[in-house]
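Structural description and commentary
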Amino acid sequence: MSQPIFQKTFRRVLVAIVLSTALLFVAVTLHVSSEFKDELRSRTSHTAQIVLSLAAAMPLDTIASDFAEQPIFVNDELDYIIAIFQGDTPIYVSPSDLAIPHPSSETSQLHRGAHTYYLMHESDPSTALHVTVGLSKSEAFFSSIEIVLVTVTIFLVATLLMLGLTRHAIRQGLRPIDQLADAVSQRAPNRLGHLNPDQSPTELQPIVLATNALLSRLKDALESERAFAANAAHELRTPLAGILAQSKTLKLEDMDSDAQKTVALIQSSAERSTRQVQQLLDHAFAHSQASVVPFTEFNLADMLRRLMTDAFPSALKLDVEVELKGLDVFEVCLPETLLEIILRNLIDNAIKYCGTGGHVRVTLEAQNPGFQIKVEDSGPGLSRQDFEHAISRFERLGDDAKIYGHGLGLAITRDLCEHLNLSLIHGRSEQLGGLCLSVLSV
Amino acid sequence: MRTLLIEDDEVIADAVRSHFRKNGISLDHLTDCIDLSLDDVERDFDVVVLDLGLPQRSGLDFLKTIRLDGSTVPVLVFTALYAVTARVEALNLGADDYLTKPFDLDELLARCRALARRRGQVKPAVLTYKNLTLETGSCAVRKDGKMIELTPKAFQVLRILMENYGRLYTKAMIEEQLYGWDREAESNTVEVFISQIRRQLGAEYVKTVRGLGYLMPSPS
């Protein structure tokens, strides 16, 4: 995954600032050093001239006493040194232990300990006085460093301030991208309307327009899948409804047993096809529309009552006793139609597979947090291995020729449970002895 | 009870017509609702059975129009469309009941009767169930010809179950027929009436489906 624009831009700005600070530091240091070298030379020369003027104006015997005050010591080092010569004879040397060379030697530097002094010589031929003044180079060095540090510190403070402003400006500049990303990512899956291009800056409008075009195509695709499912349902169910309705109007009592058997076969085939159509439609719906079904608040107990009432005629036909236990009211917020497919499949399967004269019990219990729905039956049950096999598509649960089904229901149930973050747990009913499938909210 | 069936499939319509006539109910059939006026519906029919998947004009559109025009005629919607999406829409638009194709003809008939009764449009009749007879006009119940005393509400509950024998009736459905939508019944009212019926008739007639409701099983 590539780095965010903000990080990339900010990192580049940071590197540019660090490099320019380093270059500035070097440039300022060189410049200040050069300036101080000149300044040092100038100061030394002027000092030497002043000392020479004073020495020339004074009687020779008073020079030693007037210059007797020693130069200032700093950490045992001298900031400056002075030597006055009458001809070749030194009449004043500070400090006295230092052998300051005669000006005629034209020595320009003198080392004392760790110090190096820059020497400047001045002579007055009329009085034969010679003056040598030395200023410590370290003073100049530390002064230049001090100036460099002050300059760089001011620059750094200004730079950090600039960096903060740059960061803020980049963030502000990128905010429309974040807002656009939020507008897309926080959308409910069933909201496929266009984004408003007027709310985005000009630079982002091509992205908004491209996103809108994609949303339109997605909406059209979902719409046509929905329309296909609805049309397919209509086309497949209508003739089945016709066959079943017409067969129910036949006067069975006027028919012989063979004809009655034929009618029963027609009816059971039509019913079987009806179930298959329902499961295929559920399958199509679950895979094309699951993500766009809205979350709604509803009473889960009411849904269970409705589904069991709908399934009751099948139970009555198979002489299966059904019962609903547990809570009367339990409000949930889930995609109602998807949960309905899950529970309808579980209830229908339990009734179908528990066998004639069997017992199906559905229990709704509150969990902390969430809920548990148990669908138990008194049928032969299902081993773990068979259950895993059954939740694969198109695996029929039973071999009994009287029981029709092709196992798509459990596969759809498993898929939808995963989609809704529900757990589908396989087990054996302790009280009824058959299969117990539980749906748990996680 | 006059019923209007709006269904474009002739095979289904023929079966419904035949079943309703066999049960003494007159039924008119239209294959479309394109020229149907609200006045026609209100004046002539007690119940409308409406298919949603009509070719010319959508059944939902027709339902929406008559409800916006103030029609209160009970409408039972049935459709072959995918149920989970169509049911909510139809009920939200003012359908009184809903069935998915394929449907059971007895179930359709029972639901139409219930809707017509809610509108007060069912003529007095004598219902028979095993050795019981119930006269809806005189509110009389007889077991083996012997008069049985029941309170008016217990009589109504027995009538609902006898009219719809073989069909599960939830507590909410019974309460709705007894009190309508507007009045809240006491939580155990239906149980009290069922208990009265069992006390007077014996326990073998009304079966409890635990957690769901009651039914009178088909005598066969």
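The model shown is predicted, which means the values in this text are computed figures rather than measured ones.

Focus on the interface of chain B and chain A
In this assembly, 29 residues from chain B lie in contact with 33 residues from chain A. Carbon and sulfur atoms make up 66% of the surface buried where chain B meets chain A, a total of about 2800 Å² over both sides. When the buried area of chain B at its contact with chain A is split by residue, Tyr82, Pro102 and Arg210 of chain B rank highest and sum to 24% of it. One can count 3 salt bridges joining chain B with chain A.

Regarding unusual backbone geometry
Cis geometry is adopted by the peptide bond preceding Pro369 of chain A, which originates at Asn368 of chain A and carries an omega value of 5 degrees. With omega at -10 degrees, the peptide bond leading from Lys101 of chain B into Pro102 of chain B counts as cis. Along the chain, Pro102 of chain B turns up in the loop between β5 (97–100) and α5 (105–118). Look at Ala128 of chain A: it is not a glycine, yet its phi comes out positive at around 55 degrees. Topologically, Ala128 of chain A is positioned in the loop between β6 (115–124) and β7 (129–136). Its identity as a non-glycine residue notwithstanding, Asp319 of chain A has a phi of 60 degrees, on the positive side. The residue Asp319 of chain A is located in the loop between α6 (300–317) and β9 (321–326) in this model. Residue class for Asp319 of chain A comes out exposed when judged on its relative accessible area of 53%.

Things to note about the sheet that holds β6 of chain A
Residue and element names in this part refer to chain A. Strand order in the open sheet formed by 5 strands is β4-β3-β7-β6-β5, with antiparallel pairing between adjacent strands. One side of each edge strand has no neighbouring strand; the edge strands of this open sheet are β4 (89–94) and β5 (109–112). Direction aside, neighbouring strands of the sheet carry axes that sit 25 degrees apart on average. When β6 meets β7, the two strands line up antiparallel, connected through 8 bridges. Opposite Met120, over in β7, you have Val133 as the bridge partner.

Parameters and conventions
Counting starts from 1 at the beginning of each chain's written sequence and moves along it residue by residue. Note on labels: chains are lettered from A, ligands numbered from 1, in written order. Reporting of local features is limited, given that this is a predicted model, to residues whose pLDDT is at least 70; pairs of side-chain atoms are given and counted only at 80 or more, and all residues count toward the totals for whole chains, interfaces and linings. Hydrogen atoms and water are omitted, and side-chain values are computed over all heavy atoms in the structure. Residue contacts are counted whenever heavy atoms from the two residues lie within 4.5 Å of one another. Here's the idea: put two parts together, see how much 1.4 Å probe accessible area each one loses, and the total over both is what we call buried area. Criterion for a salt bridge: a side-chain nitrogen of Lys or Arg within 4 Å of a carboxyl oxygen of Asp or Glu. The helix and strand labels rest on DSSP assignments: H or I over at least four residues marks a helix, E over at least two residues marks a strand, and numbering proceeds from the N terminus. Only protein chains enter the accessibility calculation, which uses a 1.4 Å probe; a residue is then buried when its area is under 20% of its type maximum, exposed when over 50%, and partly exposed in between. Strands were regarded as paired on the criterion that DSSP finds at least two bridges between them. Lines fitted to C-alpha atoms define the axes, with helix axes restricted to the stretch in contact, and inter-axis angles between N-to-C directions lie between 0 and 180 degrees.

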